[in-house]
Amino acid sequence: MKLPSRDVMAREAGEKVSGSKIKLPRRVVEKPLRQVGKRLLMALGVLIVTVFIVYVDRAGYHDNANETVDFLDAVYYATVTLSTTGYGDIVPYSDSARLANILLVTPLRVLFLIILVGTTLEVLTERTREEFRLNRWRSALRDHTVIVGFGTKGRSAIQTLCATGLRKEQIVIVDPSTKVIEAANADGFVGVIGDATRSDVLLRAEVQRARQIVIATQRDDTAVLVTLTARQLNRGAKIVAAVREEENAPLLRQSGADAVITSASAAGRLLGLSVLSPSAGTVMEDLIQQGSGLDLVERPVTKAEAGRSVRETDDLVVSVLRGHRLLGYDDPAASPLQLTDRVITIVRAAPVTPLTTPSDD
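Residues numbered from 1 in each chain as written. Predicted model: local features only at pLDDT ≥ 70, side-chain atom pairs only at ≥ 80, totals over all residues. Heavy atoms only, no water.

Participant: I keep staring at unusual backbone geometry and nothing clicks. Help me out?
Facilitator: Glycine aside, negative phi is the norm for most residues, and most peptide bonds take the trans geometry. With omega at 0°, the peptide bond leading from S335 into P336 counts as cis. As for its position among the elements, P336 is in the loop between strand 12 (325-328) and strand 13 (342-349). Residue D143 is not a glycine yet carries a positive backbone phi of 50°. Structurally, D143 can be placed in the loop between helix 4 (118-140) and strand 4 (145-148). On the basis of relative accessibility, which here comes to 42%, the residue D143 falls in the partly exposed class. One non-glycine residue with positive phi stands out, namely E206, at about 55°. Structurally, the position occupied by E206 is in the loop between helix 7 (199-204) and strand 7 (212-215). (Helix = DSSP H or I, 4+ residues; strand = E, 2+ residues; numbered from the N terminus. Buried < 20%, exposed > 50% of the residue type's maximum accessible area, 1.4 Å probe, protein only.)

Participant: Would you take a moment to explain the UniProt feature "transmembrane region" (unreviewed entry) in the protein for this structure?
Facilitator: What UniProt calls "transmembrane region" (unreviewed entry) maps, in this numbering, to residues 40-56 and 102-124. Structurally, residues 40-56 comprises 100% helix and 0% strand, and the distance from its first C-alpha atom to its last is 24 Å. (UniProt positions renumbered as here; feature names shortened; annotations may be inferred.)

Participant: I'm lost on the sheet that holds strand 11 (residues 316-322) in this one. Help?
Facilitator: Strand-to-strand pairing in sheets goes through backbone hydrogen bonds, with the strands running parallel or antiparallel. What the 4 strands build is an open sheet, ordered 10-13-11-12; its pairing is antiparallel. Pairing within the sheet leaves two strands with one partner each, and these edge strands are strand 10 (293-300) and strand 12. Going across the sheet, the axis of each strand differs from the next one's by a mean of 30°, ignoring polarity. In this structure, strand 11 lies alongside strand 13, joined through 5 bridges in antiparallel fashion. What sits directly across from L316, in strand 13, is I346. (Pairing = 2+ DSSP bridges. Axes fitted to C-alpha atoms, helices over the stretch in contact; angles between N-to-C directions.)

Participant: Help me understand the packing of aromatic side chains, please; the structure alone is not making it clear to me.
Facilitator: Throughout the structure, instances matching the rule amount to 3 aromatic pairs. Relative to F71, the ring of Y55 lies with its centre 5.6 Å away and its plane at 80°, an arrangement referred to as edge-to-face. Here the residue Y55 occupies a position in helix 1 (residues 32-56), and F71 occupies one in helix 2 (residues 71-82), the gap between them amounting to 16 residues. What makes Y55 partly exposed here is its relative accessible area of 31%. The positively charged end of R58 is found above the aromatic ring belonging to Y55, 4.2 Å away from the centroid. Its guanidinium or amino end placed over the ring of F189, K168 lies 5.4 Å from that ring's centre, counting from NZ or CZ. (Phe/Tyr/Trp six-rings, centres within 6.5 Å; stacked < 30°, edge-to-face > 60°. Lys NZ or Arg CZ within 6 Å of the ring centre and 35° of its normal.)

Participant: What's the story with helix 6 (residues 178-186) in this structure? I'm lost.
Facilitator: Along an α-helix, residues three or four apart share an orientation, since each turn contains 3.6 residues. Inspection of helix 6 places V180, I181, A183, A184 and N185 among the buried residues, and these make up the whole buried set. Once helix 6 finishes, G188 follows within two positions and takes phi at roughly 95°, a positive value.

Participant: Help me understand the confidence of the model for the protein in this model?
Facilitator: Interpretation of this model should avoid reading the predicted coordinates in detail wherever pLDDT is low. For the protein, mean pLDDT is 80; residues scoring 70 or higher make up 83% of the total. Between the elements of the protein, mean pLDDT differs from a low of 70, seen in strand 1 (residues 21-23), to a high of 94, seen in strand 4. (pLDDT = per-residue confidence, 0-100.)

Participant: Help me out: how do you make sense of a nonpolar patch on the surface in this one?
Facilitator: On the surface, a cluster of nonpolar side chains totalling about 400 Å² of accessible area is made up of L99, I102, L103 and L104. Summarising the element assignment, L104 is placed in helix 3 (residues 95-116). (Patch = residues over 30% accessible without salt bridge, like charges linked within 9 Å, V, L, I, M, F, W, Y side chains within 5 Å. Areas by Shrake-Rupley, 256 points an atom, 1.4 Å probe, with all protein chains shown as cover. Salt bridge = Lys/Arg side-chain N within 4 Å of Asp/Glu carboxyl O.)

Participant: What should I look at first to understand the side chain of T197 in this one?
Facilitator: Tracing the backbone shows T197 in the loop between strand 6 (190-193) and helix 7. In terms of polar contacts, T197 uses its side chain to reach the side chain of D195, at 2.7 Å. (Polar contact = N/O pair within 3.5 Å; in protein donor to acceptor, adjacent residues only side chain to side chain.)

Printed below as a string of structure tokens:
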């Protein structure tokens, strides 16, 4: 099997995989052109007010050229004063003019400078704010879920996890495509841009502290590399990987995956079942679609159910997980239920709102 150094999940033609970068969901901000326009209007307003102050008290100013100050001289003086140039050819000499400069013109000069350098200050503030949010996010992130690949399989996995009660703040998405991560941010998820086969990218997603990792890449060889890297960084996390070809499933398990789903074979089996019995195919599709209709749920055995038979429970039990053994509902060893068992049941679920993300093949 050929193992590429980069995943080809980047869906846009010609898109290059950039360096690793964490992108938190962004707040809605005003458009840059509108912000610049507001700053220019504010600066112009300050200039007009300064010109008005100087022109009203123009008798208190002295011009070295002709000793009189007209409207043009007032505009000139306001401009060089606000820009802190100060050539000294026009100066206030009366007490009222000097008082106006102290109480009005000087504060306007400071305000004018703040408006001019506001863009730079805003950039610095935004960087500081983003750094603070990133540090706070890292410190609070524990036992989260890492999703590698935000394609059709990845989005479906996230929808299922969210339907079971997992919060969006507990999900981190890793994908090499900038546009895909931006779409994930729009849905409220934290994203890491980069190649998930590299350990530094997974470390940015805090995979070493993750509880579960879902690998939903588009290529089987990439899934193998990601599984190997993830298992090396986190020995205790539950890793679930998807492959296209069934012959690659054993390689994924050897690489450290706890469960491997063969997407092509699973779709083929569902197609075959639907041909034999369309109703049975509909029921199976309903069961694997979490959050609507019937759902498969794994839960612990309650104290009231302990010691009872599988058929005596309130829910429809299909399997019993006892230790590392998975027992069918008709297995004699499944009954009576033990308090340490976990049961897989079929329950009625409430509908879930689907994710609004761009389509993917």
